[in-house]
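Structure assessment
As a plain string of letters, each chain reads:
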Amino acid sequence: MADAKVIPFDDDRSRARRRPGRADGEAAAVRALPGPQTGSRAPGEAPAVAGPHSGDGGAGEAEDSGAGGGGWERRLAGGLAFLRRRITGDYEVDEFGYDAELTDQVLMSLLRPLYEKYFRVEVKGVENIPADGGALIVANHSGTVPLDGLMMQVAVHDHHPAGRHLRLLAADLVFVLPVVNELARKAGHTLACAEDAERLLRAGEIVGVMPEGFKGIGKPFGERYKLQRFGRGGFVSTALRAGVPIVPCSIVGAEEIYPMVGNAKTLARVLGLPYFPLTPTFPWLGPLGALPLPTKWTIQFGEPIPTDSYAPEAAEDPMLMFNLTDQVREQIQHTLYKLLVQRRSVFF
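Just so we're clear, the structure is a prediction, and the values are computed from it rather than from any experiment.

Considering the overall build of the protein chain
- Across its full length, the protein chain carries 10 helices and 9 strands.
- A burial count over the protein chain gives 48% of its 348 residues as buried.
- Here the protein chain displays about 16,900 Å² of accessible surface, and carbon together with sulfur accounts for 59% of that area.

Structural notes on the confidence of the model for the protein chain
- The share of residues in the protein chain with pLDDT of 70 or more is 80%, and the mean pLDDT across the chain is 83.
- Confidence over residues 1-68 falls short of pLDDT 50; this stretch has 105 contacts with residues more than four positions distant or in other chains.

Description of helix 4 (residues 147-159)
- Here helix 4 is 13 residues long and its end C-alpha atoms lie 18 Å apart, about the 18 Å a rise of 1.5 Å per residue gives.
- Across the 13 residues of helix 4, 11 count as buried, placing the element largely inside the fold.
- Among the residues making up helix 4, those that are buried are Leu147, Asp148, Gly149, Met151, Met152, Gln153, Val154, Ala155, Val156, His157 and Asp158.
- Buried residues along helix 4 sit against helix 3 (100-118), strand 1 (122-124), strand 2 (135-139), strand 3 (166-170), strand 6 (246-252) and strand 9 (298-301).

Observations regarding the environment of Phe96
- With respect to the secondary-structure elements, Phe96 resides in the loop between helix 2 (70-88) and helix 3.
- The class of Phe96 is buried, set by a relative accessible area of 3%.
- Sequence-wise, Phe96 and Asp196 are 100 residues apart; in three dimensions their C-alpha atoms are separated by 8.8 Å.

Let's talk about the sheet that holds strand 2
- Read from one edge to the other, the open sheet built from 7 strands follows the order 1-9-6-2-5-3-4, with strand pairing classed as mixed. Only two strands of the sheet have a single partner each, and these edge strands are strand 1 and strand 4 (190-191).
- Taken strand by strand, helix 10 (residues 318-342) contacts strand 1, strand 2, strand 6 and strand 9, and its axis lies near 30° from that of strand 6.

Digging into the pairing of strand 2
- The buried fraction of strand 2 amounts to 5 of the 5 residues, a majority that puts the element mostly inside the structure.
- Alternating residues of strand 2 divide into Ala135, Ile137 and Ala139 and Leu136 and Val138, and every residue in both groups is buried.
- The pairing of strand 2 with strand 6 spans 4 bridges and is classified as parallel. Opposite Leu136, over in strand 6, you have Ile246 as the bridge partner.

Focus: the pairing of strand 9
- Every second residue of strand 9 is oriented toward a common face, with Thr298 and Gln300 on one face and Ile299 and Phe301 on the other, all of them buried.
- Bridge count between strand 1 and strand 9: 3 bridges; the pairing is parallel. Within strand 9, the residue paired with Lys124 across the bridge is Gln300.
- Sheet topology note: the strand 6/strand 9 ladder contains 4 bridges and is antiparallel. When the sheet's bridge partners are listed, Val252 is paired in strand 9 with Thr298.

Considering the pattern of salt bridges
- What the rule picks out here adds up to 13 salt bridges.
- Notably, a salt bridge pairs Asp99 with Lys186, separated by 4.0 Å at the nearest N-O pair. With Asp99 in the loop between helix 2 and helix 3 and Lys186 in helix 5 (residues 180-186), the pair connects residues that are 87 residues apart, well separated along the chain. For the pair Asp99 and Lys186, one class covers both residues: buried.
- Between Arg343 and Glu256 there is a salt bridge whose closest N-O contact spans 2.8 Å.

Cut-offs and rules
- Residues numbered from 1 in each chain as written.
- Predicted model: local features only at pLDDT ≥ 70, side-chain atom pairs only at ≥ 80, totals over all residues.
- Heavy atoms only, no water.
- Helix = DSSP H or I, 4+ residues; strand = E, 2+ residues; numbered from the N terminus.
- Buried < 20%, exposed > 50% of the residue type's maximum accessible area, 1.4 Å probe, protein only.
- Areas by Shrake-Rupley, 256 points an atom, 1.4 Å probe, with all protein chains shown as cover.
- pLDDT = per-residue confidence, 0-100.
- Contact = heavy atoms within 4.5 Å.
- Expected span 1.5 Å × (residues − 1).
- Pairing = 2+ DSSP bridges.
- Axes fitted to C-alpha atoms, helices over the stretch in contact; angles between N-to-C directions.
- Salt bridge = Lys/Arg side-chain N within 4 Å of Asp/Glu carboxyl O.

Structural data, given as structure tokens:
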């Protein structure tokens, strides 16, 4: 494997993107699956019951539950329709490779048990994410393995009242790993470069960035919840150029899933990795040691910091970028400390 590179977010150079190939070059609209859709409903909202008797004041639902067959038949029909579209290529991806249908129906469903049952994530302040238009979510990064970004993606997808989707920015390493590369593209991730981020923001997307990069997820356990350097403020410059708000995000719980007590640097260089973690269980317990600890997580989205009042040339002002970067970093760090004081236990 080639040496992994950390891509600075404020690198404005153009990037050649990898595009997922389409077998026939077909482009057809994604169609909704038959039956109940559960991908993007508001918290606490009951799933809609779709069916030929949905207007009967509940008669159709009673009939389905009595017969015991209506629900599974619809789910089976929906699953077969989904498979048919995947096989025939009758689905749509955007220019970055994002596959909304696959993300909603498959990828989120695979991540949801980890999110709800294993880490038991509590979400706060999701209403601070705008209901429409672009926004840049800036979060702390930790955990040795970057599960925090995926959990943040589920939090936005499942809890935002408008059912918004989060597009994460990732380093080069993600896009050179087999399988991971394709899944990342399908889930809406793209390279952590300013050009891609600005295009997504101007298109009205919610974009997530973790400026600490490998310095954050690869830091020793003794430095947990201490934010690392946020770079040169490239994410602020991008938000200013796009005129979108910056939403600080603080994640507690990820630091303890893989307590990193050492780093095998020589092995990391051989494997082309930024670090090779040594934890109390890995690699000593083999595959069992690779299981994350079931910590209790909290994800809090803070008050947005507006940028639309600044002139376009403000993106070139180094002092303004420094001040806004410091403001975002301090807000995230302060919230981390507050959440740590409030939590009862690492695991409960």
